Amino acid sequence: MTEIIGVRFKNAGKTYFFLPSGHKLSPGDRVVVETARGIECGSVVIPNRMVDDGQIVAPLKGIIRLADEKDLKVVEENAAKEKEAFKICQQKIAAHRLDMHLVDVEYTFDGNKILFYFTADGRVDFRELVKDLAGIFRTRIELRQIGVRDESKMLGGLGICGRPFCCSTFLGDFQPVSIKMAKEQNLSLNPTKISGTCGRLMCCLKYEQAAYEDLLRTTPRVGTTVVTPDGNGVVTEVSLLPGLIKVQLDADPDAAPSVYPREVLKWGRDLSRGRRPRSEGEGKSRPAGNKE
């Protein structure tokens, strides 16, 4: 077991583990740490905690110090510089007539590098742009192409639910989302209904997927032959969440389907293979697969 703290460098960015170096920290505390990008200032989101060694990637680095007023002032100054750098970069992109959209600018804490994030439909030759920017800012320049999901995460906004984007508020990593999830949740496959502002499938499809998968395992599908309290029948419609099943009874095929709670129905593998079930009133000596 190792004692760690979790540090995040953006509002909804990834959480990285560091050694507390003897400090007792609480969520919201600002710390200065060394990362692969250099010295950075981040916020503690996970207080001192013991975790299994299998959950960490060794070797962990310890925090350098608690952020003081001077460090926080540097963060504020960098934020002001980022706005100015954004304007300058936009002007240079227009001057070079590059087919790219600038999304965000980020200064490293020590000021040794400036990162420019952009989106583009294809590859962009930005070598001349990098030269211009390096001549202006006199530091290392890195242009990084990102996807539309990352763009939404950086810019933020409101989703079709009326709430701020999940990716820009609490999602640290993007989870894989597939059209299969929309089908299993019985959602409209209209792209405008199941796509987020970024144009990709909504991340929230993942939230309830485990519950739907569990319900699908315990619910007969449409077309399955089942045994009801009123006799045998075939499932015509399924409402997963309330657990209500519409069944067309064999005894009265012209009548409207009857609705039953999932718990009162009986079905099995032999029924899904097309073998007719045996109702409770039939004799035990009669094979379950015989036709009436």
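Reading the values: rules and limits
Within every chain, residues take consecutive numbers counted from 1 along the sequence as written. Confidence filtering applies because this is a predicted model: local features only for residues at pLDDT of at least 70, side-chain atom pairs given and counted only at 80 or more, and all residues used for totals across whole chains, interfaces and linings. Here the side-chain values reflect all heavy atoms present in the structure, with hydrogen atoms and water set aside. Type-normalised accessible area, obtained with a 1.4 Å probe on protein chains alone, sets the label of each residue: buried when under 20%, exposed when over 50%, and partly exposed for intermediate values. Numbering of helices and strands runs from the N terminus, with a helix taken as a DSSP run of H or I at least four residues long and a strand as a DSSP run of E at least two residues long. Directions drawn from the helix axis to the C-beta atoms are what define this arc. Here a residue-residue contact requires only that any non-hydrogen atoms of the pair lie within 4.5 Å. Only rings of Phe, Tyr and Trp enter the pairing, Trp through its six-membered ring, and a pair is recorded when the two centres are within 6.5 Å. The plane angle decides the type: under 30 degrees is stacked, over 60 is edge-to-face, the rest tilted. Helix span is expected to be 1.5 Å times the residue number reduced by one. Between N or O atoms, a polar contact is any pair within 3.5 Å; within protein, one atom must be a potential hydrogen donor and the other a potential acceptor, and residues adjacent in sequence are included only when both atoms are from side chains. In the cavity and pocket records, a cavity denotes points on a 1 Å grid over the protein atoms alone where a 1.4 Å probe fits but cannot get out, a pocket denotes an open set with protein on both sides within 12 Å along at least 5 of 7 lines, and lining residues are residues with an atom within 4 Å of a point. Grid points are joined across faces, edges and corners, and a volume is the space filled by probe spheres set on the points. Classification used: nonpolar for Ala, Val, Leu, Ile, Met, Phe, Trp, Tyr, Cys and Pro, charged for Asp, Glu, Lys and Arg, polar for all others including Gly. Every residue gets a pLDDT, meaning the predictor's confidence in that residue, from 0 to 100. Between any two strands, pairing holds if DSSP finds at least two bridges. For helices, the axis comes from a line fit to the C-alpha atoms of the stretch in contact; other axes are also lines fit to C-alpha atoms, and the angle between any two N-to-C directions lies between 0 and 180 degrees.

Q: Describe helix H6 (residues 209–217), with residues and values.
A: Listing the buried residues of H6 in full gives Gln209, Tyr212, Leu215 and Leu216. Seen along its axis, H6 keeps its buried residues to an arc of 125°; they face one direction. Of the exposed residues in H6, the ones pointing more than 90 degrees away from its buried face are Ala210 and Arg217. On its buried side, H6 packs onto helix H4 (179–184).

Q: I'd love a proper account of the packing of aromatic side chains, names of residues and values included.
A: Given two aromatic rings, their pairing is described by the distance between the two centres and the angle made by the two planes. With the rule as written, the count across this model stands at 5 aromatic pairs. Geometrically, the ring pair formed by Phe9 and Phe18 is edge-to-face, given 6.5 Å between the ring centres and 85° between the ring planes. Taking the relative accessible area as the measure of exposure, Phe18 reaches 5% and is therefore buried. Each ring, one from Phe170 and one from Tyr207, has its centre 6.4 Å from the other, and the planes form 40°; the classification is tilted. One end of the pair, Phe170, is in the loop between helix H3 (148–155) and H4; the other, Tyr207, is in the loop between helix H5 (191–194) and H6, with 37 residues separating them in the sequence. Given a relative accessible area of 49%, Phe170 falls into the partly exposed group.

Q: Could you give an account of the environment of Ile146, with specific residues and numbers?
A: Tracing the backbone shows Ile146 in the loop between strand S8 (140–145) and H3. The class of Ile146 is buried, set by a relative accessible area of 13%. Each C-alpha atom of the pair Ile146 and Tyr117 lies 6.6 Å from the other, and the pair is 29 residues apart in sequence. Apart from the residues lying within four places of it in its own chain, the contact partners of Ile146 are Val103, Tyr117, Phe118, Thr119, Glu151 and Met154.

Q: Give a description of helix H1 (residues 69–96) that names residues and reports values.
A: Along an α-helix, residues three or four apart share an orientation, since each turn contains 3.6 residues. With 28 residues, H1 extends 40 Å from end C-alpha to end C-alpha; this agrees with the ideal 40 Å at 1.5 Å per step. Taken as a whole, H1 has its buried residues at Asp71, Asn78, Ala85, Ile88, Cys89 and Ile93. Buried residues along H1 sit in contact with strand S3 (30–35), strand S5 (65–66), strand S6 (101–107), strand S7 (113–119) and helix H2 (127–137). Backbone nitrogen of Lys70 and a side-chain oxygen of the N-cap are separated by 3.2 Å at the start of H1; the cap is Asp68.

Q: For the layout of surface pockets, give the residues involved together with the corresponding values.
A: Approximately 400 Å³ is the volume found for the second largest pocket. Forming the boundary of the second largest pocket are 21 residues, of which Gly159, Phe165, Cys166, Met202 and Cys203 lie nearest the centre. Within the lining of the second largest pocket, the residues separate by chemical class into 13 nonpolar, 6 polar and 2 charged.

Q: Explain the confidence of the model for the protein to me, using residue names and the numbers behind them.
A: Do not read the fine detail of predicted coordinates wherever pLDDT is low. Mean pLDDT over the protein stands at 85; residues scoring 70 or higher make up 92%. Looking at the elements of the protein, mean pLDDT is at its lowest for helix H7 (residues 269–272), recorded as 47, and at its highest for S7, recorded as 93. Taken as a whole, residues 270–292 scores under 50 in pLDDT and shows 31 contacts with residues more than four places along the chain or in a different chain.

Q: Describe the sheet that holds strand S11 (residues 244–249), listing the residues and the values that go with them.
A: Pairing in this open sheet of 4 strands is antiparallel, and the strands run S9-S10-S11-S12 from one edge to the other. Bordering the open sheet on either side are strand S9 (225–228) and strand S12 (258–261), each of which pairs with just one other strand. Ignoring which end each strand starts from, the neighbouring axes of this sheet average 50° apart. Pairing of strand S10 (residues 231–239) with S11 involves 6 bridges; the strand directions are antiparallel. Considered in S11, the bridge of Glu237 is made with Lys246.

Q: Could you give an account of the side chain of Gln185, naming the residues involved and the relevant values?
A: Tracing the sequence through the fold places Gln185 in the loop between H4 and H5. Accessibility expressed as a relative area gives 8% for Gln185, which makes it buried. At 2.9 Å, the side chain of Gln185 and the side chain of Gln209 are in polar contact. Leaving out residues up to four positions away in the same chain, Gln185 has contacts with Leu205, Gln209 and Tyr212.

Q: Describe in detail the pairing of strand S2 (residues 15–18), supporting the description with residues and values.
A: Relative to S2, strand S1 (residues 2–8) runs antiparallel, the two sharing 4 bridges. Each residue of the ladder has a partner; that of Ile5, found in S2, is Phe18. From the end of S1 to the start of S2, which pair antiparallel, there are 6 residues.

Q: Report on unusual backbone geometry, specifying residues and quantitative values.
A: If you check the backbone angles, Arg97 has positive phi at about 55° while not being a glycine. Here Arg97 lies in the loop between H1 and S6. Accessibility expressed as a relative area gives 77% for Arg97, which makes it exposed. Of note in this structure, Asn186 is not a glycine but carries a positive phi near 60°. Relative to the helices and strands, Asn186 resides in the loop between H4 and H5. The exposure class of Asn186 is exposed, given its relative accessible area of 65%.

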